[in-house]
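The primary structure of each chain is shown beneath.
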Amino acid sequence: MARYDRAITVFSPDGHLFQVEYALEAVRKGNAAVGVRGSDTVVLGVEKKSTPKLQDSRTVRKIVSLDTHIALACAGLKADARVLINRARIECQSHRLTVEDPVTVEYITRYIAGLQQKYTQSGGVRPFGLSTLIVGFDPHSEKPALYQTDPSGTFSAWKANATGRNSNSMREFLEKNYKETSGKETIKLAIRALLEVVESGGKNIEIAVMTHKDGLRQLEEAEIDEYVAEIEAEKAAAEAAKKGGGASTSASS
Amino acid sequence: MKKMKVISPILMEVSWVPCSPLRRVRIGPIKVRYRMLLLVFRLSFLSFFPSLSLSQHFAPTRTKPHHRISVSLNLKQRKQREEKRRMMMKLDTSGLESFSAAVPSAMATAEDQLFAPPSFDLPAGCADFDKFQMEAKQTLKHAKGTTTLAFIFNQGVIVAADSRASMGGYISSQSVKKIIEINPYMLGTMAGGAADCQFWHRNLGIKCRLHELANKRRISVTGASKLLANILYSYRGMGLSIGTMIAGWDEKGPGLYYVDSEGGRLKGNRFSVGSGSPYAYGVLDNGYRPDMTVDEAHELARRAIYHATFRDGASGGVVSVYHVGPNGWKKLSGDDVSELHYKYYPVQPTPVEHEMVDAPPA
């Protein structure tokens, strides 16, 4: 088994590409990231590890824009992310130049996934150790889109998805609680999913919202705290209702 | 001394020496150093070819200084030697003459030509290459003998063209399809080199189809025209001759672009391309209104092309008119221009000035 995980272009006898699987492991160790698509908004949320006091937090941006209408969040090796994002940005502009049209979300996702796949089939290179969540609006269309890519180079469209640390529990939560939302409800759903795995508080979460009209907007800490407070209140109310209902049924029985 | 017959080496460059050059040899009654013999022969040979350098004979073949011919000749021998030398001069070298006799011109030039390096004329245009290149390009520029036009109006795009192909003054065809169907919702027109236009439009059709397959949506007219313009720009200066209009209907509505082989690309509402375009523009600009009906626009396009074919010798044949609407293109008509002429200007009975009448019976 150990012989098959050195060079990435080598399959193991049972059909695994071990380097790709190890890259997925690296992704699982990265920051949690979640994306939720609404009817007119799409939200990206990322877990923010506590920044050291002396670090200038503005230089550490986890949610980046690839073009005025496309944004990306990723989980995994941040240095690999930088390289991939630069290539994607160039491709967005090159597409504008050759076809005089902005890229569609699907096109740029296909490009990024193709790039990730190329590095799983070349000699002497290792795969990119990151999964990305790509959101945006197609040009001349008001419908938002959310796509995910992974180190093997596959991509697919999602209504809501999560990657990184504890992504499974986040995804379960989303599967249970997803419904078609719009505007603020979408943002709240994304924050609730993140709060499942992250300590609550504005300084541990980074949220960015994209609408067709206003493009990408990063939420301030204060705003996030507001949302968190709302969510907590709703949760408490729900629990109280459940307890109250339980007590009344037990009283009646 | 070993008696040795010397077969005198007539041919100069034979390196075979029958003996050492210093050896005294006997030719008949004459005794002489072999080197002398060789020298005499070479000199006589040279008298016919003086351009050859003589240095090879006087260059020392040995590193040691020359031997003086230390021979103690008595008077008789010396006289014999002189005689022999004189005889040598009068040797029969007719065998050598065949070479130069074949060249009747003066000896000097013949020898020069034989041994001068072969020369040839430089190809045309080498003297001034830039001028040559410009001239070559000019000969290829057949000012796009055709008339094509296209315009956008409220109901879509009308595209019209003639159908004559000309090679200089010769009409090679009256039935060329100058409106090329790139795909069911996009049309391209042909002006300039027919082969260039046909090939690159077909190539553009391939690219549009690939775009559709990859992106699951049709390419816009903007994108298609940009793809073509980029390709043509990369071939700029290599002699492509294309003046085309890309017309279509996409998500943004009707689209019309003019693309040419110089790499230019223009977006516009009304275009006419070709040698008949000034005449077509006159009629088109005069009759154009954005709120025409499809029939009115059809008639306008047909008239404009007809007038261009009337005045321009390189345009003629059949006027084809297409309409591009939200559901794609549709061919509206294809009329022969000579028939159109009589439709627009029917023959009027003209009054005759002097009628021929029978003479009144006497």
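An unreviewed UniProt entry lists chain B under the name proteasome endopeptidase complex, with Rhynchospora pubera given as the organism. According to UniProt, the comment filed for chain B under the heading Catalytic activity (unreviewed entry) is "Cleavage of peptide bonds with very broad specificity." Its UniProt record gives chain B the following Function (unreviewed entry) comment, quoted word for word: "The proteasome is a multicatalytic proteinase complex which is characterized by its ability to cleave peptides with Arg, Phe, Tyr, Leu, and Glu adjacent to the leaving group at neutral or slightly basic pH. The proteasome has an ATP-dependent proteolytic activity."

An unreviewed UniProt entry annotates chain A as Proteasome subunit alpha type of Rhynchospora pubera.

With that settled, consider the overall build of chain A. Within chain A, the secondary structure is distributed over six helices and 10 strands. Looking at chain A as a whole, 46% of its 253 residues are labelled buried. Partitioning the contacts of chain A with sequence separation of at least 6, the portion at a separation of at least 24 is 63%. Accessible area for chain A stands at about 13,000 Å²; split by element, carbon and sulfur atoms hold 52% of it.

Okay, the pairing of strand β3 (residues 63–67) of chain A next. All names here are of chain A. The buried fraction of β3 amounts to four of the five residues, a majority that puts the element mostly inside the structure. Pairing between β3 and strand β4 (residues 70–76): four bridges, direction antiparallel. Looking across to β4, one finds that Val 64 is bridged to Leu 72. Between β3 and the antiparallel strand that follows it, β4, lie two residues.

This part covers the nonpolar core. Val34(A), Ile187(A), Ile191(A), Leu194(A), Ile205(A) and Ile207(A) are the most contacted members of the largest nonpolar core, which has 26 residues in total. Excluding residues within four positions of it along the chain, Val34(A) makes contact with Val43(A), Leu44(A), Gly45(A), Leu133(A), Asn161(A), Ala162(A), Met170(A), Leu174(A), Ala190(A), Ala193(A) and Leu194(A). Counting 23 residues, the second-largest nonpolar core is a separate cluster that includes Val176(B), Ala229(B), Leu240(B) and Ile242(B).

To continue, consider the packing of aromatic side chains. Residue and element names in this part refer to chain B. Applying the stated rule across the entire model yields 12 aromatic pairs over all chains. Centre to centre, the rings of Phe 199 and Trp 200 are 4.9 Å apart; their planes meet at 90°, and the pair counts as edge-to-face. Each member of the aromatic cluster is reached from another via a ring pair, and the members are Tyr 306, Phe 310, Tyr 344 and Tyr 345. The positively charged end of Arg 218 is found above the aromatic ring belonging to Tyr 185, 4.0 Å away from the centroid. Positioned over the ring face of Tyr 344 is Arg 303, at 4.2 Å from the centre of the ring.

What follows concerns the pattern of salt bridges. The tally for this structure, following the rule as stated, stands at 23 salt bridges over all chains. In this structure, Arg217(A) and Glu223(A) form a salt bridge, with 3.5 Å as the shortest nitrogen-oxygen distance. Here Glu223(A) falls in the partly exposed class, since its relative accessible area comes to 23%. Its salt-bridge partner being Arg289(B), residue Glu296(B) comes within 3.1 Å of it at the nearest N-O pair.

All names here are of chain A. It is the contact of helix α2 (residues 78–99) with helix α3 (residues 105–118), at a shortest axis distance of 10 Å, that shows an interaxial angle of 135°. The orientation of α2 with respect to α3, classified from their angle, is oblique. The chirality of how α2 crosses α3 is right-handed. Of the residues in α3, those touching α2 at Leu 84, Arg 87, Ala 88, Glu 91, Cys 92 and His 95 are Tyr 107, Ile 108, Tyr 111, Ile 112, Leu 115 and Gln 116. The residue inventory of the contact of α2 with α3, partitioned by class, reads eight nonpolar, two polar and two charged.

Here Ser272(B) lies in strand β12 (residues 270–273). Within the structure, Ser272(B) has its side chain in polar contact with the backbone oxygen of Thr148(B) (distance 3.0 Å).

The geometry of a pair of packed helices is captured by two quantities: the angle between their axes and the separation between those axes. As a packed pair, α2(A) and helix α8 (residues 221–234) of chain B sit with axes 7 Å apart at the nearest point and diverge in direction by 90°. With respect to α8(B), the element α2(A) is oriented roughly perpendicular. In this structure, α2(A) uses Leu97(A), Thr98(A) and Val99(A) to contact α8(B), whose residues at the interface are Thr222(B), Gly223(B), Lys226(B), Leu227(B) and Asn230(B). Residues that form the contact of α2(A) with α8(B) fall into these classes: three nonpolar, four polar and one charged.

Taken together, the contact pairs 15 residues of chain B with 11 residues of chain A. Approximately 980 Å² of surface area, both sides summed, lies buried where chain B meets chain A, with 43% of it carried by carbon and sulfur atoms. Its largest share of buried area at the contact with chain A, chain B owes to Asn215(B), Arg217(B) and Lys226(B), together 38% of the area lost on that side. Here chain B is connected to chain A by three salt bridges. Here Arg265(B) makes a salt bridge to Glu100(A), at a shortest N to O gap of 2.5 Å.

Another point: the pairing of strand β8 (residues 160–163) of chain A. Residue and element names in this part refer to chain A. Here β8 shows two buried faces, one formed by Ala 160 and Ala 162 and the other by Asn 161 and Thr 163. The sheet contact formed by strand β1 (residues 33–37) and β8 spans four bridges and is antiparallel. Residue pairing for β8: Gly 35 is matched across the bridge by Asn 161.

About the criteria used
Within every chain, residues take consecutive numbers counted from 1 along the sequence as written. By the order in which they are written, chains take letters starting at A while ligands take numbers starting at 1. Reporting in this predicted model follows two pLDDT cut-offs: at least 70 for local features of residues, and 80 or more for side-chain atom pairs to be given and counted; totals over whole chains, interfaces and linings ignore these cut-offs and use all residues. Processing note: side-chain calculations cover all non-hydrogen atoms of the structure and skip hydrogens and water entirely. UniProt positions are given in the numbering used here, feature names are shortened, and annotations may be inferred rather than shown by experiment. For the purposes of this entry, the term helix denotes a DSSP run of H or I that reaches at least four residues, the term strand denotes a run of E that reaches at least two, and both are numbered from the N terminus. The cut-offs for exposure are 20% and 50% of the maximum accessible area for each residue type, with area from a 1.4 Å probe on protein chains only; residues under the lower value are buried, those over the upper are exposed, and the others partly exposed. Residue contacts follow a heavy-atom distance rule, with two residues in contact if any of their heavy atoms lie within 4.5 Å. Under the convention used here, a 1.4 Å probe and the Shrake-Rupley method define accessible areas, while residue burial counts only the protein chains that appear. Two strands form a pair only when DSSP identifies at least two bridges running between them. Working definition of a nonpolar core: buried Ala, Val, Leu, Ile, Met, Phe, Trp, Tyr and Cys residues. They are joined through side-chain atoms within 4.5 Å. Aromatic contacts are taken between Phe, Tyr and Trp rings whose centres are within 6.5 Å, Trp giving its six-membered ring; a plane angle under 30 degrees counts as stacked, one over 60 as edge-to-face, and the others as tilted. Geometrically, a lysine NZ or arginine CZ counts as sitting over a ring once it is within 6 Å of the ring centre and also within 35 degrees of the ring normal. The term salt bridge refers to a pairing of a side-chain nitrogen on Lys or Arg with a carboxyl oxygen on Asp or Glu at a separation within 4 Å. Every angle, taken between N-to-C directions, lies between 0 and 180 degrees, and every axis is a line fitted to C-alpha atoms, over only the stretch in contact when it is a helix. Orientation labels follow simple angle bins: below 35 degrees gives roughly parallel, above 145 gives roughly antiparallel, 65 to 115 gives roughly perpendicular, and whatever is left gives oblique. Left-handed is the label given to a crossing in which the near helix is rotated counterclockwise from the far helix by less than a right angle, and right-handed is the label when the rotation is clockwise. Charged residues are taken to be Asp, Glu, Lys and Arg, nonpolar residues to be Ala, Val, Leu, Ile, Met, Phe, Trp, Tyr, Cys and Pro, and polar residues to be all remaining types, Gly included. Definition of a polar contact: a pair of N or O atoms within 3.5 Å, with one able to donate and the other able to accept a hydrogen when the atoms are protein atoms, and with sequence-neighbouring residues admitted only if both atoms are side-chain atoms. Put simply, buried area is the surface a 1.4 Å probe can reach on two separate parts but cannot reach once they are joined, added for both.

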